[in-house]
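Notes for the structure review
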Amino acid sequence: MYKEILKWVIAIISQPGKAWEMLTKKEEKGDEFLSKFVYPLIGLVTAAAFLGVLFTRKEFDIELALKSSIKTLVSSFGGFYLSAYLLNELWQGFFKRTKDMKLCQRFVGYSSSLMFALNIVLMLLPEFFFLRIFILYTFYIVWEGAGPYMQVEEKERLKFAGIATVVILLTPAVIEFVLFMLMPGLRY
């Protein structure tokens, strides 16, 4: 299963146009996408957050590792679901399409592949913080998926890509910020 996930993440990051074409043809039943792609990726990010704190700090502190993994888990899950919900609402409001939560979940999940991969790398290797700039490449991934996967017309593609990218990238950050404000004990 993880081999398949890695294959899709690499394909989406390295060749987004080709990957979106293949994903358009891929049949997924029910919540198969969630259990075979998103949940394992979020699990990997959470495990990386736990291990990253344990092995990159001078002191061996389980409490800090748990706080980091809880913060990462909640912001990743919440960010995914809130992004999908917001995109679904905007899908109807801005783009005058019928709501399709499953489609929006798949789009947000696949578009977040780079963000998940970067989070894993940066949790384990925090000294490579400069890699965070590559998160902007998410715009190109969303741009490439807008046409074939979401069937967005060319004249609305830029607007859709901009809005979707902002929603996908900012919702986990907003949730993380709210967690810090509501539960200061999660700060480390």
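Structural data are supplied above this passage.
So, a few notes on the structure that sits alongside this text. (Residues numbered from 1 in each chain as written. Predicted model: local features only at pLDDT ≥ 70, side-chain atom pairs only at ≥ 80, totals over all residues. Heavy atoms only, no water.)

Considerations on the layout of surface pockets
Threshold: Note on definitions: the grid is 1 Å and covers protein atoms alone; a cavity is a set of points where a 1.4 Å probe fits but cannot get out; a pocket is an open set with protein on both sides within 12 Å along at least five of seven lines; lining residues have an atom within 4 Å of a point. Grid points are joined across faces, edges and corners, and a volume is the space filled by probe spheres set on the points. Strands are runs of DSSP state E lasting at least 2 residues, helices are runs of H or I lasting at least 4, and numbering of each runs from the N terminus.
Considering only enclosed or pocket space, the largest pocket measures out at about 580 Å³ in volume. Lining the largest pocket are 24 residues, and of these K71, N119, M123, R132 and E176 lie nearest its centre. Secondary structure elements with two or more residues in the lining of the largest pocket: α3 (32–56), α4 (62–93), α6 (113–124) and α8 (157–182). No other element matches the 7 residues that α4 contributes to the lining of the largest pocket.

Side note on the packing of aromatic side chains
In plain terms, the rule: Any two of the Phe, Tyr and Trp rings considered here, Trp counted by its six-membered ring, make a pair once their centres fall within 6.5 Å; the pair's planes then place it as stacked at under 30 degrees, edge-to-face at over 60, or tilted in between. With a 1.4 Å probe rolled over the protein chains alone, any residue whose accessible area is under 20% of its type maximum counts as buried; one over 50% counts as exposed, and the rest are partly exposed. Placement of a positive charge over a ring is assigned whenever Lys NZ or Arg CZ falls within 6 Å of the ring centre and within 35 degrees of the normal to the ring plane.
Considering all chains together, one arrives at 20 aromatic pairs under this definition. Geometrically, the ring pair formed by W91 and F95 is tilted, given 6.1 Å between the ring centres and 45 degrees between the ring planes. No difference in accessibility class separates W91 from F95, as the two residues are buried. Put simply, the rings of W20, F33, F37, W91, F94, F95, F107, Y110, Y149 and F160 touch in pairs and so form one group of aromatic residues. In this structure, K7 is placed above the aromatic ring of W8, and the distance from its NZ or CZ to the ring centre is 5.0 Å. Its end group placed over the ring of W143, R157 keeps NZ or CZ at 4.8 Å from the ring centre.

Section: the pattern of salt bridges
Rule in force here: Criterion for a salt bridge: a side-chain nitrogen of Lys or Arg within 4 Å of a carboxyl oxygen of Asp or Glu.
On inspection of all chains with the given rule, the structure shows 7 salt bridges. Two residues, K102 and D31, come together in a salt bridge whose shortest N-O distance is 2.5 Å. Here the residue K102 occupies a position in helix α5 (residues 101–111), and D31 occupies one in the loop between α2 (16–25) and α3, the gap between them amounting to 71 residues. With relative accessibility at 37%, the residue K102 sits in the partly exposed group. The salt bridge involving K99 is made with E89; its shortest N-O contact spans 2.7 Å. Of this pair, K99 sits in the loop between α4 and α5 while E89 is found in helix α4, placing the two residues 10 residues apart along the sequence.

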